[in-house]
2 protein chains.
Amino acid sequence: MIVAGVMSGTSADGINVALVRIQGRGFRSRLELLAHYEFPYPIEVRRAVLRAMNAKSVSVADLSRLNFTLGELYAKSVQAAQRRAKLECELAGCHGQTLYHQSTPSNYLGRPIACTWQTGEAALIAAKLGVPVVSDFRPADMAVGGTGAPLVPFLDYVAFRHRRFGRIVQNIGGIGNLTAIPPRATPDEVFAFDTGPGNMVIDAVAERLFDRPYDRNGRLAAKGEPIESVLRQLLRRAFFKQPPPKTAGREQFGEAFVQELLRLCRRADAHDVMATATALTAQSIGLAVRKFVLPTDEANVPAGSRAPSRYREFVVSGGGTRNGTLMRMIREELAPLKMRVLTTDDFGLPSAAKEAVAFALLAYQTWRRLPSSIPSATGAQHPAILGKVSYA
Amino acid sequence: MIVAGVMSGTSADGINVALVRIQGRGFRSRLELLAHYEFPYPIEVRRAVLRAMNAKSVSVADLSRLNFTLGELYAKSVQAAQRRAKLECELAGCHGQTLYHQSTPSNYLGRPIACTWQTGEAALIAAKLGVPVVSDFRPADMAVGGTGAPLVPFLDYVAFRHRRFGRIVQNIGGIGNLTAIPPRATPDEVFAFDTGPGNMVIDAVAERLFDRPYDRNGRLAAKGEPIESVLRQLLRRAFFKQPPPKTAGREQFGEAFVQELLRLCRRADAHDVMATATALTAQSIGLAVRKFVLPTDEANVPAGSRAPSRYREFVVSGGGTRNGTLMRMIREELAPLKMRVLTTDDFGLPSAAKEAVAFALLAYQTWRRLPSSIPSATGAQHPAILGKVSYA
């Protein structure tokens, strides 16, 4: 079955469409990425999306119009992808644009309420493509006590589990998060959590000190040296010590955190600050692996065991893979652990396509009426069939 | 199959739950209403819903929380209905709470956009009930060029079509709307449109002149006499002359219209004004039947034909059926047309349950992957499979 996966992330840059051939069922599904394209949002749509995210004051009419507008754009993007690839999908999975996500319940009208919201009208996609569409994946996990995220570990498990050794799949977006897959893992042995900052702090420092949106290929960081004393201090923060499951966001690594980092680095050369921000991501990943992944490894569990870890490969995806300095630092960080650092690209799964592929895979499971959440990643009571099906 | 239908209307009073046994498929479905209950919204939820409807300024966080809160309340209502009726449903259909509906496209970010929005998270309902839930029925009709409303004509057609004579099914909610079903009608011969005010103007006059929320059983109107000159003037309005399909709302029969009615009646006794508002609904219905339904009747189509109409029964539902004066006026209005006036209650379908039953029936069709919109009622290019399926 050819399935289209449609993803648009919180950066609101645009729409990723993956066309994927999927066979089998559940954890035994087999995937082949056939094509992948990125379609930037028209500028006025991007502005409207950014205005609507977490908005304090917005009109219901505009939110409703945005929902239908995004539905049309998603449909057109899949159509454009199909034309370019000369393929037609039989099913589509659309993540939608997240407007709000609150995984911890807060008081609303006297009730504890956690909630999530992805917009982009799937009925329009189904009607225009003429195929069923699965959308709105996160609420079903929250409905059974999960945090609604991350959902990508299902793909990690399907695509990267290995019979003889363990793999850690690390995504580096704004935030870093990893999925740990022990050798011969059953689904409930998989676990996932946020490791700390991904590109968020690096980008903010590039913006502040160099007036650039990001440090292209890590060139600025490459000219400096990380300040170890600053790193030690930042890595002492509670988040890094907190055991998984845990999630991070702008609350932990946004504006205030960057201010603190700059304050600590105050007399340093700008390139050294850049290198420090980059090393922070690398070292927080290393810390997470040593502190929370390896101790769970059977070969290491006996106290004081010196057996080499059965985790042998560390597979990176996300925008962070395009930062050469960050990747070098991660390699250095993991070298003592005897872990080979690879990217998902090495497995035929380009970083930029990964999330779109994940939602094609989740849609496929839902279409087969199979669950596709990983409770050990989201904290849910049990796996759920994710999403809602709109028929053409 | 036992299907729960869940409806909460724009008055935001609360939640109607119907438990319906449904057999067969498509237009040949057979229905049996097993139980019906109304659950009022907690007052703070009702306030939040009314604040959110068409809101000019609202926070995305609150809208997201409202979506999940309503989902929980819908689930609890169905569970309460099941306990009371000692029945368990195998499927549920939930209309949701309409926050916005715009059937005519308007410009949004340079694009013509029509849209609709019903809130109330179906994934929560599915998880709590342990059965699949169909929700969000209207977008699929809009996706194929329809106005997304009315959707009840499908039920009207299934429940009220007759082999030997035609029936008109009239709902009197805030607005009046009718579904005309010719004898032996095929689905595309059914048509539906708004006839004008239902209870909206009557309620507003009761509020203004008698400080009551509505005219209980039409007792106030019964003490007065309609002012024919005012009625003639009001019925000359463009809306009543406009051929179907047409929809009405507060734009046509809200505040401004009531002001005009009161201005025209200025020197009259308050009971006469009440009677005039009531007669307006009755006469606008009569006008709609004579002007737009009977001329389409084959027996009447030959110019000047005096053949009696094949429409023999006029079946009323909605809150208007509880207004005895309005019902008497409708009977008088239709008597010359040789139409028997009945209520849906006479067919075992209580007025208050009708919409909840309709969404149970629509959910059932979607579950069977069958379309259930009536393009001649919504203006859609073709019938659509309505709604989105959430699995338990």
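Everything here concerns the structure above.
Rules used in this analysis
- Residues numbered from 1 in each chain as written.
- Chains lettered and ligands numbered in written order.
- Predicted model: local features only at pLDDT ≥ 70, side-chain atom pairs only at ≥ 80, totals over all residues.
- Heavy atoms only, no water.
- Pairing = 2+ DSSP bridges.
- Helix = DSSP H or I, 4+ residues; strand = E, 2+ residues; numbered from the N terminus.
- Axes fitted to C-alpha atoms, helices over the stretch in contact; angles between N-to-C directions.
- Contact = heavy atoms within 4.5 Å.
- Phe/Tyr/Trp six-rings, centres within 6.5 Å; stacked < 30°, edge-to-face > 60°.
- Buried < 20%, exposed > 50% of the residue type's maximum accessible area, 1.4 Å probe, protein only.
- Lys NZ or Arg CZ within 6 Å of the ring centre and 35° of its normal.
- Core = buried A, V, L, I, M, F, W, Y, C linked by side-chain atoms within 4.5 Å.
- Polar contact = N/O pair within 3.5 Å; in protein donor to acceptor, adjacent residues only side chain to side chain.
- Least-squares fit on C-alpha atoms with pLDDT ≥ 70 in both.
- Disulfide = S-S within 2.5 Å.
- Salt bridge = Lys/Arg side-chain N within 4 Å of Asp/Glu carboxyl O.
- Buried area = accessible area lost by both parts, 1.4 Å probe.

## Looking at the sheet that holds strand β11 (residues 311–317) of chain A
Residues and elements named next belong to chain A.
- If you trace the five strands from one edge of the open sheet to the other, you get β10-β9-β8-β11-β12, paired in mixed fashion. At either margin of the open sheet sits one strand with a lone partner, and together these are β10 (191–197) and β12 (340–343). Across the sheet, the mean angle from the axis of one strand to that of its neighbour is 25°, orientation sign disregarded.
- Helix α13 (residues 324–334) contacts β8 (166–172), β11 and β12 of the sheet and is inclined by roughly 150° relative to β12.

## What about the packing of aromatic side chains?
- Taken as a whole and assessed by the stated rule, the structure comprises 25 aromatic pairs over all chains.
- Here the aromatic rings of Tyr 37 of chain B and Phe 39 of chain B are separated by 6.4 Å at their centres, their planes lie at 40°, and the arrangement is tilted. Accessibility classification places Tyr 37 of chain B together with Phe 39 of chain B in one group, the buried group.
- Through a chain of ring-to-ring contacts, three or more aromatic side chains come together here, namely Phe 239, Phe 240, Phe 253 and Phe 257 of chain A.
- Here Arg 161 of chain B stacks its cationic end above the ring of Tyr 157 of chain B, 4.7 Å away from the centre of that ring.

## Digging into the sheet that holds strand β8 (residues 166–172) of chain B
All names here are of chain B.
- Taken in spatial order, the five strands line up as β10-β9-β8-β11-β12 in an open sheet, and their pairing is mixed. Here the strands that pair on one side only, and so sit at the sheet edges, are β10 (191–197) and β12 (340–343). Sheet twist, expressed as the mean angle between neighbouring strand axes with direction ignored, is 25°.

## Points about the nonpolar core
- In terms of nonpolar packing, the biggest core is built from 96 residues, with Tyr 41 and Leu 63 of chain A together with Tyr 41 and Leu 63 of chain B touching the most fellow members.
- Those residues within four positions of Leu 63 of chain B in sequence are excluded, and the remaining contacts are Val 60, Leu 63 and Trp 117 of chain A together with Ala 52, Val 58, Leu 99 and Trp 117 of chain B.

## Regarding the side chain of Ser 8 of chain A
All names here are of chain A.
- Mapped onto the fold, Ser 8 is located in the loop between β1 (2–7) and β2 (14–23).
- In this structure the side chain of Ser 8 is engaged in a polar contact, spanning 3.3 Å, whose partner is the side chain of Tyr 41.
- A polar contact is formed between the side chain of Ser 8 and the side chain of Tyr 74, at a distance of 2.7 Å.
- Once you skip the residues sitting within four places of it in the chain, Ser 8 turns out to touch Gly 14, Ile 15, Tyr 41, Tyr 74, His 95, Gly 96 and Gln 97.

## Here's the deal with the relation of the copies chain B and chain A
- Once chain B has been moved 0.0 Å along the axis and rotated by 180°, it coincides with chain A to within an RMSD of 0.0 Å. Given the turn and translation reported, the copies of this chain are related as if by a two-fold rotation axis.
- Mapped onto chain A, 100% of the interface residues of chain B again fall at the interface, so both copies present the same surface.

## Thoughts on the state of the cysteines
- Enumeration according to the criterion identifies zero disulfides over all chains in this entry.
- In this model Cys 115 of chain B remains outside any disulfide bridge; the closest cysteine sulfur is found in Cys 94 of chain A, 17 Å from its own.
- A relative accessible area of 0% means that Cys 115 of chain B is categorised as buried.

## A closer look at the pattern of salt bridges
- Inspection of every chain in the model, using the stated rule, returns 28 salt bridges over all chains.
- For Arg 111 of chain A, the salt bridge identified is with Glu 44 of chain B, shortest N-O distance 3.5 Å. Residue Arg 111 of chain A is located in strand β6 (residues 111–119), and its partner Glu 44 of chain B is located in helix α1 (residues 43–52); the two belong to separate chains.
- For Arg 21 of chain B, the salt bridge goes to Glu 32 of chain B, with nearest N and O atoms at 3.6 Å. Separated by 11 residues along the polypeptide, Arg 21 of chain B in strand β2 (residues 14–23) and Glu 32 of chain B in strand β3 (residues 30–40) bring together distant segments of the chain.
- For Arg 21 of chain B, a relative accessible area of 34% puts it in the partly exposed group.
- Among the ionic contacts, a cluster of salt bridges with common partners joins Glu 121 of chain A together with Asp 136 and Lys 388 of chain B.

## Regarding the environment of Gln 381 of chain A
Residues and elements named next belong to chain A.
- Structurally, the position occupied by Gln 381 is in the loop between α15 (375–378) and β13 (388–390).
- Here Gln 381 falls in the exposed class, since its relative accessible area comes to 66%.
- Once residues within four sequence positions are removed from consideration, Gln 381 is found in contact with Val 144 and Gly 145.

## Section: the interface of chain B and chain A
- Taken together, the contact between chain B and chain A spans 55 residues of the former and 55 residues of the latter.
- Buried surface at the junction of chain B and chain A, both sides included, amounts to about 4600 Å², of which 64% is carbon and sulfur.
- If you sort the residues of chain B by the area they bury against chain A, Val 60, Tyr 108 and Tyr 391 of chain B come out on top, with a joint share of 16%.
- At the surface where chain B touches chain A, the tally comes to four salt bridges.
- In this structure, the connection of chain B to chain A is made through 13 residue pairs in polar contact (both at pLDDT 80 or more).
- Those elements that provide at least two residues to the side of chain B that touches chain A are α1, α2 (60–85), β5 (97–108), β6 (111–119), α3 (122–129), α4 (138–142), α14 (354–367) and β13 (388–390) of chain B.
- Among the elements that make up the side of chain B that touches chain A, the one with the highest residue count is α2 of chain B (10 residues).
- Relative to β13 of chain B, β13 of chain A runs antiparallel, the two being bridged by three bridges.

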